[in-house]
Amino acid sequence: MPQDLTELEQSCDTLRQKISSNPKLANPRVMIICGSGLGGIASVLDPVDKIEVLYSEIPGFRSSTVPGHAGKLVFGLIGPNKVPVMCMVGRLHYYEGYSFDDTTFPIRVASLLGITTCIVTNAAGGLNSSYSPGHLMIINDHINLPGLAGAHPLRGPNMDLFGPRFLPTSDAYDLELRKLFVRVSREQLKLTRPIHEGTYAFVLGPTFESRAESRLLRTLGADAVGMSTVAEVIVARHSGLKVLALSLITNAVVTNPPASVWDEKPVPLDQGMASHAEVLEAADEASKDVQKIIELVVNEL
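Residues numbered from 1 in each chain as written. Predicted model: local features only at pLDDT ≥ 70, side-chain atom pairs only at ≥ 80, totals over all residues. Heavy atoms only, no water.

### What about the environment of Ser-185?
Okay, step 1: As for its placement among the helices and strands, Ser-185 is situated in helix H4 (residues 175–188).
Okay, step 2: Judged by its relative accessible area of 0%, Ser-185 is buried.
Okay, step 3: Taking C-alpha positions, Ser-185 is 8.5 Å from Leu-296, a pair spaced 111 residues apart along the chain.
Okay, step 4: Among residues more than four places away in sequence, those in contact with Ser-185 are Lys-190, Leu-191, Ile-195 and Ile-293. (Helix = DSSP H or I, 4+ residues; strand = E, 2+ residues; numbered from the N terminus. Buried < 20%, exposed > 50% of the residue type's maximum accessible area, 1.4 Å probe, protein only. Contact = heavy atoms within 4.5 Å.)

### A look at the UniProt feature "binding site: a purine D-ribonucleoside" (unreviewed entry) in the protein
Okay, step 1: Under the local residue numbering, the UniProt record ascribes the feature "binding site: a purine D-ribonucleoside" (unreviewed entry) to Glu-209 and Asn-251. Spanning 43 residues, the named residues form one tight spatial group whose C-alpha atoms are at most 12.1 Å apart.
Okay, step 2: Along the polypeptide, Glu-209 turns up in the loop between strand E7 (195–202) and helix H5 (211–220).
Okay, step 3: Judged by its relative accessible area of 18%, Glu-209 is buried.
Okay, step 4: Not counting the four nearest positions on each side in its chain, Glu-209 is found in contact with Val-203, Ser-214, Leu-217 and Val-225. (UniProt positions renumbered as here; feature names shortened; annotations may be inferred.)

### A closer look at empty space enclosed by the protein
Okay, step 1: Taken as a whole and judged by the stated rule, the model has two cavities of 30 Å³ or more.
Okay, step 2: As a volume, the largest cavity reaches approximately 100 Å³.
Okay, step 3: When residues of the lining of the largest cavity are assigned to their parent elements, the largest contribution, three residues, is made by helix H2 (residues 100–112).
Okay, step 4: In this structure, the second largest cavity encloses a volume near 70 Å³.
Okay, step 5: In terms of lining residues, the second largest cavity is bounded by Leu-92, His-93, Tyr-94, Phe-100, Thr-103, Phe-202, Met-227, Ser-228, Thr-229, Ala-231 and Glu-232. (1 Å grid on protein atoms, 1.4 Å probe; cavity = no way out; pocket = protein on both sides within 12 Å on 5 of 7 lines; lining within 4 Å. Points joined across faces, edges and corners; volume = space filled by probe spheres on them.)

### Observations regarding the packing of aromatic side chains
Okay, step 1: As enumerated under the stated definition, the model contains four aromatic pairs in all.
Okay, step 2: Taken together, a centroid distance of 5.3 Å and an interplanar angle of 50° make the contact between Tyr-55 and Phe-61 tilted.
Okay, step 3: Residue classification places Phe-61 among the buried residues on the basis of a relative accessible area of 9%.
Okay, step 4: Ring centres of Tyr-94 and Phe-100 lie 4.7 Å apart, and the angle between their planes is 35°; this geometry places the pair in the tilted category.
Okay, step 5: Clustering of aromatic rings is evident, with ring pairs tying together Tyr-55, Phe-61 and Phe-105.
Okay, step 6: For Arg-108, the ring lying beneath its charged end belongs to Phe-162, and the centroid distance is 4.6 Å. (Phe/Tyr/Trp six-rings, centres within 6.5 Å; stacked < 30°, edge-to-face > 60°. Lys NZ or Arg CZ within 6 Å of the ring centre and 35° of its normal.)

So this is what it looks like as structure tokens:
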């Protein structure tokens, strides 16, 4: 079923009422979606002008159930230019039992609020052998495996108020925003942490990929894999928002074949195996750099 426009408008009205006490926050321009372990991005907001709204207080919003996802919107100002933003601390996932309408509902609300730019972050597994935990990957393209198989966020009657029936996605990831990300990282921060640019593969989860699945994704051209982001990006683009998307590589995906019964000295099956705790730990180590980059990027928007 398509998202209910009345409920979207009620959600928008509720948020306008929540932030009406501070005129500086009345017209947010940027939405920031915080991935696993990256909720600290909200800490770069000016503490003086900050309003937090729990998802449970907003009509149409679902509750985040994943560790590391707080489940709240934080409105505030970023940088010397005092750019008004809406920070989504804790995204919603399909694997939690929610529909794509549920998981992308906040994007539609952001569009109705007048937001024009969406910055999406995630924790991802590195498929490209040159990627290591702690590296950053600017997303310049994606592989929407669920969408190719029919589980698509724009399935159903088109919401003409937001965008066209047939949406092109070849320009999903804004080039100028990607250039800005690199410029502030290198010229202003002098960041030495490796930054790549690559393709993100979207899978539904919640299981981490098998070895054979990981090899398939790499063969298809994916550099990183995760369980979020793409549905949000598609709906953001359908709503006319510019998109910058970033993956923090938190683990190296295991792609070598499993141990065989014929191996004299088999490699333990759990060697290199991913875990959510590992994802959060790696995100925590690199999150400070991500926060600084996001702050500098938003300040120039």
